[in-house]
Amino acid sequence: MKRRDFLRASAAVAASGALAAVRPKQNLVIILCDDLGDGDIHCYDSSIATPNIDRLAREGTRFTNAITANPVCSPSRAGLLTGRYPPRVGVPQVLFPHAKSGLDLGETTIAALLKPAGYATAAIGKWHLGDAPEYLPTHRGFDSYYGIPYSNDMIPAVVLENEKVVEAEANQDTLTGRYTERAVRFIEQHANQPFFLYLAHNFPHIPLHASSKFRNTSPLGIFGDVVSELDWSTGQVLDALARKKLDRNTLVLFTSDNGPWYQGSPGQGRGRKGSAWEGGVRVPFVARQPGWIPAGRVSKSLISHLDVFPTVCARTGVAAPRPPDGVDASALLAGSAAKLERNAILYFNGVHLHCVRRDDWKLHVARFDSDIYAVHGPGGAKSIRLQNPELYNMALDAGESYDVADRHPDIVRDLMARAEGLMHDFPAEIRRDWEETKAQSVRAIPSGAYPRLVQ
């Protein structure tokens, strides 16, 4: 590392620690879209105009290598809010209305972490971590909740206020506007105390809906209309923070739960929602807090939704009740050019481990024979194991098009060993599936061998 980069990184770490010491109780706003690809935002080279999200990126840092905890809705949200892998916390797959399970009741969400520390907490929008009363946001650390408790294509698409049904069938045309109004009101009402706002939009998950103000305004059809309204909503939240002079004391994170489904763009990534290819897990991720996060920066560093929880712990000084699977990204957010120190990242799809990643290297050990399984449940597709795991260099091959495992058998073995080390304390069902996957994988990969699929 050059001396200049070393000094900059050291200063960033020092500044992060100093700010945490001076302002241990800072506001947090997470804006989470549903099925929004990183190719759907203008500052990520989309044709859709998103001036407010672009503004957020100009005033903060835009990450081009951000991944979720899972390529589908419920597990992804479980990972974001707990910092732990979804199979650990009881949400390996998508939950449906009237599910008998949800996010394990012993798990701690970001809201449950911050509320005892004096934070006002609100969840607005899609929840999707269990709709039985004990699993709803008001039992998981949030003071209040308003929204559809699962995906907007699930029937009935009820709107809850706290735990009461206030709309038997949601008027989805006005949903984004109503969510935004409540988000702005929450900021204004709690401007004099620390708060956590979790604004989880239902869109652009299908069916697509936009208000009359935005419908038929985008040359890219209803999908463009929907994204334009989400951009407007983001601007309303930013304006509310500015009016209350909260910009410098509020960390704003804008992201998506997974990649695009039938419409939308995964950018350069291969695959879509439901797939462990990068198109299913790589998402837009923009972070802003003036005075801490550098403005106008674009970072290629790998960052995960799993890192949000431990970063919030570090910034607020509130201790995590159990070790998270993510790592503290404070220094990275503050401008450090150094990579986050972590063992490896596991890509789960359902109960199955599909990929292992460390820095630029990504190893595929299994995959579904279609992208239906994780969304529609068992029977939609089969998980197949790769006898010869496939290795991709993500820095050179963002589309995961060129398997180089035969040239780097040492890296294949290293990643398999790292996965083994990380999997030892997972639930028994997950561990058994991993043992079966591991048993099918060969140690050496013959040069030029085409990966053979083993059911």
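Residues numbered from 1 in each chain as written. Predicted model: local features only at pLDDT ≥ 70, side-chain atom pairs only at ≥ 80, totals over all residues. Heavy atoms only, no water.

**A word on the packing of helix α2 (residues 51–58) against helix α6 (residues 221–243)**
For the pair α2 and α6, interaxial distance at closest approach is 7 Å and the crossing angle is 50 degrees. The angle between α2 and α6 falls in the class oblique. Here α2 contributes P51, N52, I53, R55 and L56 to the contact with α6, which in turn contributes D231, W232, T234, G235, L238 and D239. Its residues assigned to classes, the contact of α2 with α6 comprises five nonpolar, three polar and three charged. (Axes fitted to C-alpha atoms, helices over the stretch in contact; angles between N-to-C directions. Helix = DSSP H or I, 4+ residues; strand = E, 2+ residues; numbered from the N terminus. Parallel < 35°, antiparallel > 145°, perpendicular 65-115°, else oblique. Contact = heavy atoms within 4.5 Å. Nonpolar A, V, L, I, M, F, W, Y, C, P; charged D, E, K, R; others polar.)

**A few points about the side chain of R297**
Relative to the helices and strands, R297 is located in strand β11 (residues 297–299). Within polar-contact distance, the side chain of R297 engages the backbone oxygen of S336 at 3.0 Å. Filtering out sequence-adjacent residues up to four positions away, R297 remains in contact with G60, T61, R62, L332, L333, G335 and S336. (Polar contact = N/O pair within 3.5 Å; in protein donor to acceptor, adjacent residues only side chain to side chain.)

**Concerning the environment of L175**
Here L175 is to be found in helix α5 (residues 175–189). Here L175 falls in the buried class, since its relative accessible area comes to 0%. In this structure, the C-alpha to C-alpha distance between L175 and H201, residues 26 residues apart in sequence, is 8.6 Å. Non-local contacts of L175, meaning those with residues more than four positions away in its chain, are made with I148, V159, N202 and F203. (Buried < 20%, exposed > 50% of the residue type's maximum accessible area, 1.4 Å probe, protein only.)

**Quick notes on the packing of aromatic side chains**
Within the structure shown, the criterion is met by 13 aromatic pairs. Centroid distance F142 to Y198: 6.0 Å. Interplanar angle 25 degrees. Geometry classified as stacked. Residue F142 is located in the loop between β4 (120–125) and β5 (144–147), and its partner Y198 is located in strand β8 (residues 195–200); the two are separated by 56 residues in the primary sequence. Note on F142: relative accessible area 1%, which makes it buried. (Phe/Tyr/Trp six-rings, centres within 6.5 Å; stacked < 30°, edge-to-face > 60°.)

**Concerning α6**
Over its 23 residues, α6 runs 33 Å from end to end, which matches the ideal 33 Å to within 8%, given 1.5 Å per residue. K245 occupies a position one or two residues after α6 and carries a positive phi of about 55 degrees. (Expected span 1.5 Å × (residues − 1).)

**Focus: the nonpolar core**
Within the largest apolar cluster, 97 residues are counted, with the highest numbers of intra-cluster contacts made by I30, I110, F196, Y198 and F254. In terms of residue count, the dominant contributor to this core is α6 (eight residues). What I110 contacts, discounting residues up to four positions off in sequence, is L28, I30, L80, L81, F196, V308, F309 and V312. Judged by nonpolar contacts, the second largest core, of 31 residues, contains L302, L363, M416 and I430. (Core = buried A, V, L, I, M, F, W, Y, C linked by side-chain atoms within 4.5 Å.)

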